[in-house]
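# Structure at a glance
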Amino acid sequence: MAVATVAALLAALGGALWLAARRFVGSSVRRLHGGGDAGLMRGKTVLITGANSGLGRATAAALLRMGARVIMGCRDRARAEAAAGELRRDLRGDGDPGSDPDGGAGELVVKELDLASLRSVRAFCREMLQEEARLDVLINNAGVFQCPYMKTEDGFEMQFGVNHLGHFLLTNLLLGLLKSSAPSRIVVVSSKLYKYGDINFEDLNSEQSYNKSFCYSRSKLANILFTRELARRLEGTKVTVNVLHPGIVRTNLGRHIHIPLLVKPLFNLVSWAFFKTPVEGAQTSIYLASSPEVEGVSGKYFGDCKEEELLPIAMDESVARKLWDISEVMVGIVQ
Ligand SMILES: NC(=O)c1ccc[n+]([C@@H]2O[C@H](COP(=O)([O-])OP(=O)(O)OC[C@H]3O[C@@H](n4cnc5c(N)ncnc54)[C@H](OP(=O)(O)O)[C@@H]3O)[C@@H](O)[C@H]2O)c1
Ligand SMILES: *[C@@H]1O[C@H](CO)[C@@H](O)[C@H](O)[C@H]1NC(C)=O
């Protein structure tokens, strides 16, 4: 009897907590993409890096429903094909008002792209330029979070190498195609954790010391500095570039974080109640990729589909330029 009462009380408490939390999370997320957006992206080609999982996958699903040709740039073809198959199945099965009434949803294309290999980035871009007539939106979304010390194929620290340098080369090699497709957009997925980073030019590959959380933050700060410097370089071209933070989202990003078995249920409860779902977390990416509201807007930082302020460390123009110049040398664009 007493056990049943306690269980009922706990269940009620859990339910109330969940409802309260969902209200809290839900209210911070503007729901943008109802039925009115069907066809908004028809005729447009979008490239999303890391589109097989989490935010990238939710972004791909939404833009596909709006009619875009979505290229999934992924390092593992099998995982990407599996995700693409599921997205196509969801689309056929959903009959949701967001899908195009004429059955004019877009198409999904999987292409191999390993951002931890400059050779792979170059091969991917060659294929893009051969096979794609246009590129309207590039979404730099793929990311690694707090992995143990690892190096990319080219000897870069993994988080800096994938989150910043791989995307730096990718964007530069696709810039011509973006320009010839203008007006076009670049969307960069950063994180609020950029606040704890700084660009230590003396040890960009963390060979002297490695702090995985610092390196993640630094790579996400690099994403913002990159965006601002690129926006400056693209003035007058009708190619815009903006950066965003998605909030805290329940995805596979924490794969390198070890949570003790005993703490796991508590973590799951908290994340289930308080973290955004991938669909909620992807709203700002979808907004910046598709909304007419941000036509012509460039060099800005967004959260929950609204512009936000940056700390001074992310607005330092001389650091942004220096990072750009060094990145060009690191990826071999200039000697
Ligand atoms: N989740 C959050 O709370 C949060 C908060 C702030 C910012 N973000 C940012 O959001 C972005 C998306 O992350 P997510 O949360 O959706 O995590 P996720 O579910 O782990 O997705 C990350 C994606 O990046 C891909 N990726 C990793 N290394 C790659 C490489 N070398 N080459 C190509 N693709 C690679 C992954 O591919 P595999 O599946 O093959 O590993 C996966 O598709 C990241 O940039 C992250 O920094 C997330
Ligand atoms: C690692 O870096 C973070 C900032 O990103 C800092 O708070 C933390 O103290 C650092 N850890 C060590 C062991 O230096």
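To be clear, the structure that these remarks concern was listed above.
Computed from a prediction, not measured in an experiment: that's the story for all the values here.

Looking now at the site of ligand 1. Ligand 1 sits among 28 residues. The nearest are Ser53, Arg75, Tyr216, Thr251 and Arg255. Separating an oxygen atom of ligand 1 from a side-chain N or O atom of Lys220 is a distance of 2.9 Å. Coverage of ligand 1 by the protein chains reaches 96% of its 900 Å² of free accessible surface. For the shell around ligand 1, the secondary structure elements donating two or more residues are α2 (54-65) and α6 (212-233). Looking at the shell around ligand 1 residue by residue, the classes come out as twelve nonpolar, eleven polar and five charged.

Quick look at the site of ligand 2 now. Taken together, Tyr196, Asn211, Ser213 and Phe214 make up the full set of residues adjacent to ligand 2. Asn211 is positioned such that a nitrogen or oxygen atom in its side chain is 2.4 Å from an oxygen atom of ligand 2. For ligand 2, whose unbound accessible area comes to 370 Å², protein coverage reaches 33%. Its residues placed into classes, the shell around ligand 2 shows two nonpolar, two polar and no charged.

Moving on, we come to the packing of aromatic side chains. Under the definition given, this model contains eight aromatic pairs. Pairing Phe145 with Tyr216 gives two aromatic rings, centres 4.6 Å apart and planes at 90 degrees, and the pair type is edge-to-face. Residue Phe145 is found in the loop between β4 (137-140) and α5 (158-180), and its partner Tyr216 is found in helix α6; the two are separated by 71 residues along the sequence. The class for Tyr216 is buried, based on a relative accessible area of 6%. The interplanar angle of 75 degrees and the centroid separation of 4.8 Å between the aromatic rings of Phe168 and Trp324 together place this pair among those described as edge-to-face. Taken together, the positions of Phe168 in helix α5 and Trp324 in helix α10 (residues 317-330) put the pair 156 residues apart, joining distant regions of the chain. The same class applies to Phe168 and to Trp324, which are both buried. Grouping aromatic residues by their ring pairs yields a cluster made of Phe168, Phe226 and Trp324. If you follow Arg218 out to its NZ or CZ, it ends over the ring of Phe160, 4.9 Å from the centre.

Criteria and cut-off values
Residues numbered from 1 in each chain as written. Chains lettered and ligands numbered in written order. Predicted model: local features only at pLDDT ≥ 70, side-chain atom pairs only at ≥ 80, totals over all residues. Heavy atoms only, no water. Near = heavy atom within 4 Å. Polar contact = N/O pair within 3.5 Å; in protein donor to acceptor, adjacent residues only side chain to side chain. Areas by Shrake-Rupley, 256 points an atom, 1.4 Å probe, with all protein chains shown as cover. Helix = DSSP H or I, 4+ residues; strand = E, 2+ residues; numbered from the N terminus. Nonpolar A, V, L, I, M, F, W, Y, C, P; charged D, E, K, R; others polar. Phe/Tyr/Trp six-rings, centres within 6.5 Å; stacked < 30°, edge-to-face > 60°. Buried < 20%, exposed > 50% of the residue type's maximum accessible area, 1.4 Å probe, protein only. Lys NZ or Arg CZ within 6 Å of the ring centre and 35° of its normal.

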